[in-house]
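The primary structure of each chain is shown beneath.
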Amino acid sequence: MLSRIGNSLFWLGRYLERAEHVARYTKVQYVSSLDAPLVQSKEFVLESILNMTGMYSNYFNKFDALSDDDVLYFVTLSKSNPSSIAACIAYIRENARGARDSISSELWEAINRFYHSVNSFTETKFHNEGIFNFSQMIENNSSVIKGYIDNTLIRNEVWNLIGLGVHIERAAQVNTIILTKLNDIEKHVIKKYESSLENYQYNTMLKSAEAFDMFKRLYNTNTNRKQSLEFLIFNPKFPKSIAYNLILFQKNIQELGFPENGNIQSLNFWAGKLACNYQYKTIEEVEGDIKEFLKQSLSNIFELATKLENKYLKF
Amino acid sequence: MGQTYKSEVLPGVFKNYEVIQNFLDEVFLQDGQVNNHYRKVIDLFCKYSSANFNELKEHANLSFFNQGITFAVYSDENRGVERIFPFDLFPRIITAPEWAQLEKGLIQRNEAINLFIHDIYHKKQILKDGVVPPELIFSSKHYSKAMIGVNPIGGIYNHISGTDLIKHSDGEYYVLEDNIRSPSGVSYVLSNRETMKKTLFNLFRKYNIQSVQEYPQQLLNTMQSVAPDGVDSPTCIILTPGVYNSAYYEHAFLALSMGISLVEGRDLFVDKNFVYMKTIHGPKRVDVIYRRIDDEFLDPLAFNPNSVLGVPGLMGAYREGNVTIINAPGTGAADDKAVYSYVPDIIRYYLNEEPILKNVHTYRCELDSDFKYVLENMENLVVKPVDESGGYGILIGSNSTKAEREEFRRLITADRRKYIAQPIMGLSVHSTFIQETSQFEPRHIDLRTFTLLGKDKKFVLQGGLSRVALTKGSLVVNSSQGGGSKDTWVLAE
C-alpha cells in the first residue's frame, strides 16, 4: 500500500467520525435545549456547540453575537468555515477519490451519494428542514458508509487504516465531548448549584455519544457523574468509550504487522502503553482531578495519531 | 400483424423523425425503412411514450451520477456542482461481418505503425527510402531524441491505440485519427454498457452481443507480457496526474478493475536505475507503468525540468530495461495528423499489404500545391492543427464565418507545418434521444476503437465508444466540445 493512499484512508476514517460527532453533538445539545428542564439560556448551548467543535474563535471572527441560525449554519454548511460538517464530507470524498482503487465501488458510491446530498443543501433548505433532520441525515449516511467499510472490504491494510482513523478520532471526539460538558457544568455550578441541571448535562453528554440507552442497561440507574464518566472513559466493551477505541487502535496497528512492532520505540508499544492507561485504571483514581486527566488524555491521543502519520503515512 | 418500419409512420418517440438526405443514417435507409439489425430496438422503443423515455433517461443519468462519472462545473453561485457526460440510450449496432473487417484493419494499421515507430528511432530506413519525408518526423514536437536506439521490451511502442473512425455517406469506414499517445474513453465504454444493462435489460435478451467486460483483463495481460526480463510476477501500476485531472475517473476505474495500484509521480522514486513506490511497508519495485501523463512531464531530468507530475530518473531506468512504460515515450511522432496521411504508404512499406481501412484524403499545408488549394477552398474543408487533440483549434469550413477563415489563412501562412486540411466528411448520423423535444432525432456520430498490442498478443475491444455530436447539424463529437456517447454493440453472429 502506498503511503499516500494510507494517509488518505486514515483521514477518510477520521473525517467520517468527526462529521458524525459534530453533527450529533450539535443536534443533541440544540434540540434538548428547546425543552430543557430549567430555564437555561440559548447562548449557553450555542457556546457549548462552538466549544466542542473548536469553532468558537472562528465564529467570532465572522459574527459579533450568538444567534441560533448563524451558529447552526456556521457549524454545518457555511462556506466561510473550513471545518464545517460540509467541509469534512468534501474531505471524505476527496480522500476516497484519491484511494478509489483500494476501496469497493459500493463504498465509493455511498460516499459519493453522501457528498451530493450534503452539497445540495442550500441555506434556505437547511433552515426549513432544521438541524434535527440535517444531523440525522449525516448520522444515517455515516452508518451506511461504515456498514460498507465493514461488509465489503477485506480485512487487510485498507480496512486497518480506515479503522485507525475512525478509532483515534472517536476517542478524541468523545474525550472532547466529556471535557466540554464538564466545563459547561462547572460554569453552572459557579453560578448556582442545581443537581437536576447537572444530571441533565450528563444526559446530553451520554446522548451526544449515542451512549444513553446502553448506560441505562448497564447500570440500571439514573445518570450520575461518576458512572457516566466511568462508562464513557473506561468501559472496555462499549464501542464509544475512550478505552475501547484505544484498544482497537492498537489491534489495528498489530494487524498491519510492521516489522518493528516488537521494538520499545515502535508505534505498537506506544499504542499499547496508552491503552493500558485506561484498561487498568478506575474512575476512583482520577475522579478528583478528572479535567486534568482528560486534558492529558486528549493530548496523548493526538500525539499517537501524529506518530502514526510521521512514521508510516508520509509521502 | 403487418408491422410498418417506415420512419414517417412510426409512433411515439419517433413521430417527427426525418431521415436526412446526403448522410448515411445508421438506423434508417434513405427511403425511410428501418435497417434490419435495428428492428428489434425500434419495436421496443416505439412502445415507449416520451414520458417513459425521459424517465429511463433519468435512471441512466442517476446511475452515472452516483458512480461519480462526472465533471465539475465552476460558477459563483454553485460550488461543486457536477454534471455527467451526456449518454444516449439508443445503442449503435455494428454487424458481425462489418466488425470482422474493421478488426482486421485496426490490427494491420497499428502493427504497421509500431514498426514505423521502431524504424524512426533506429535505422530510419523508411525515411532513407523516401517514403516519408524526414523533415516531417524531425520537425514533430513529439519526436523524442531520448528514444533513439532504445529497444522497448517486447518490441512494442503503441500498446494501446485509440483509432477514431467514421462512416462516410459512401457506406465505408474511414480512419480519422490514430491517437497512440494516451487515448482515453475506454471507461465510458464499460460504464455505458453497465448502465444499459441496468436500464434496458429487456433489449439485451433480443440480441446476441459481444461482451466488453474483458478489456481490463486483456490490458493487464498486455502489461504483464512486456514486463522486464527475469521478473516473474511483475508489479504493474497506473501513473495518474491526480484527482484533479479530467480523466481521473478512468484512471481509478482501470486500476480498480485490474486490481493494480493507482500511483502519482510523488509516490515513485528511482534508485540505481530501478523504480520504486513508497508504501507503508517501505519501497516496492515497480516493473510496468501505464502512464496517463504526457511525455514531457514523465521525467523532469529528461524532459520538462519544471514537471512535478513525473519521476526524476524514470527515463534512465527505462533505457536500462528495468521498467516498461506504456505507451512508449515518443509515439506521438506517429500520430501527428500530417504523418497520418502517410499511414497507407507505411502499411504497404512494412507489411507489403494493401491497407484495409481507408484514410481521409489529407492536404498538407507545407506542400505548395496543397497550401494553395487549402487557402482557395477553405469553406469546403476541415482545417486542423497537426499536434492537438480533443477537437481544439479546428475550423470546419462550411460552418465558419468569413472572419474565421481569414484568421485561419493567417495562422496557416505563419506556420504551414502545423496545419492539414481534409474534405468535410459526411459523418453518419444515428437516432439519438433529444430531451428538449422528447423525440429521437438524427445526430452525427463517430467511433473510437481500442486496440491492444503486447508481446505476441493483439486484441481489439469489441465495439468501442460511439461519440455523438448533440448539437443539431454539428460534426464535432469531442466531449470537451459538447459531445455525448452511446453504447456500441457488436453482434455475435
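Note that the structure is predicted; figures quoted are calculated from it, not measured.

Caption draft 1: Highlighting the packing of aromatic side chains. Residue and element names in this part refer to chain B. On inspection of all chains with the given rule, the structure shows 47 aromatic pairs over all chains. Relative to Phe90, the ring of Phe45 lies with its centre 5.3 Å away and its plane at 75°, an arrangement referred to as edge-to-face. Here the residue Phe45 occupies a position in helix H1 (residues 39-45), and Phe90 occupies one in strand S3 (residues 87-94), the gap between them amounting to 45 residues. Grouping residues by exposure puts Phe45 and Phe90 together as buried. Here the aromatic rings of Phe204 and Trp489 are separated by 4.9 Å at their centres, their planes lie at 50°, and the arrangement is tilted. Taken together, the residues span a long stretch of sequence, with Phe204 in helix H7 (residues 201-204) and Trp489 in strand S24 (residues 483-490) at a distance of 285 residues. For the pair Phe204 and Trp489, one class covers both residues: buried. Positioned over the ring face of Tyr207 is Lys40, at 5.1 Å from the centre of the ring.

Caption draft 2: Representation of the sheet that holds strand S8 (residues 261-263) of chain B within the structure. Residues and elements named next belong to chain B. Judged by pairing direction, the sheet is parallel, and its four strands sit side by side in the order S8-S7-S12-S13 without closing on themselves. Either end of the sheet is taken by a strand with one partner, and the two such strands are S8 and strand S13 (324-326). Within this sheet the neighbouring strands show an average axis-to-axis angle of 30°, counted without direction. Pairing geometry for strand S12 (residues 288-291) and S13, over three bridges, is parallel. The residue of S13 that forms the bridge with Tyr290 is Ile326.

Caption draft 3: Representation of the nonpolar core in the model. If you look at the biggest cluster of nonpolar residues, it comprises 151 residues, and the most contacted ones within it are Leu9, Ile178, Ile233, Ile242 and Leu246 of chain A together with Leu268 of chain B. Once residues lying within four places of it in the same chain are set aside, the contact partners of Ile178 of chain A are Met205, Leu229, Leu232, Ile233, Ile242 and Leu294 of chain A. Counting residues in hydrophobic clusters, the runner-up holds 68 residues, among them Tyr38, Tyr215, Leu220 and Ile260 of chain B.

Caption draft 4: Just the interface of chain B and chain A, in detail. Every contact between the two is made by 27 residues of chain B and, on the other side, 31 residues of chain A. Contact between chain B and chain A buries roughly 2500 Å² in total, counting both sides, with carbon and sulfur atoms accounting for 49%. Inspection of the region where chain B meets chain A yields two salt bridges. A salt bridge links Arg4 of chain A to Glu264 of chain B; its shortest N-O distance comes to 3.1 Å. Remark: the boundary between chain B and chain A carries 14 residue pairs in polar contact (both at pLDDT 80 or more). At the level of elements, helix H2 (50-67), helix H9 (248-258), S8 and strand S10 (274-279) of chain B are the ones that each hand at least two residues to the side of chain B that touches chain A. Examining the composition of the side of chain B that touches chain A, we find that four residues originate from one element, H9 of chain B, more than from any other. Residue composition of the side of chain B that touches chain A, by class: 12 nonpolar, eight polar and seven charged.

Scoring rules and cut-offs
- Residues numbered from 1 in each chain as written.
- Chains lettered and ligands numbered in written order.
- Predicted model: local features only at pLDDT ≥ 70, side-chain atom pairs only at ≥ 80, totals over all residues.
- Heavy atoms only, no water.
- Phe/Tyr/Trp six-rings, centres within 6.5 Å; stacked < 30°, edge-to-face > 60°.
- Helix = DSSP H or I, 4+ residues; strand = E, 2+ residues; numbered from the N terminus.
- Buried < 20%, exposed > 50% of the residue type's maximum accessible area, 1.4 Å probe, protein only.
- Lys NZ or Arg CZ within 6 Å of the ring centre and 35° of its normal.
- Pairing = 2+ DSSP bridges.
- Axes fitted to C-alpha atoms, helices over the stretch in contact; angles between N-to-C directions.
- Core = buried A, V, L, I, M, F, W, Y, C linked by side-chain atoms within 4.5 Å.
- Contact = heavy atoms within 4.5 Å.
- Buried area = accessible area lost by both parts, 1.4 Å probe.
- Salt bridge = Lys/Arg side-chain N within 4 Å of Asp/Glu carboxyl O.
- Polar contact = N/O pair within 3.5 Å; in protein donor to acceptor, adjacent residues only side chain to side chain.
- Nonpolar A, V, L, I, M, F, W, Y, C, P; charged D, E, K, R; others polar.

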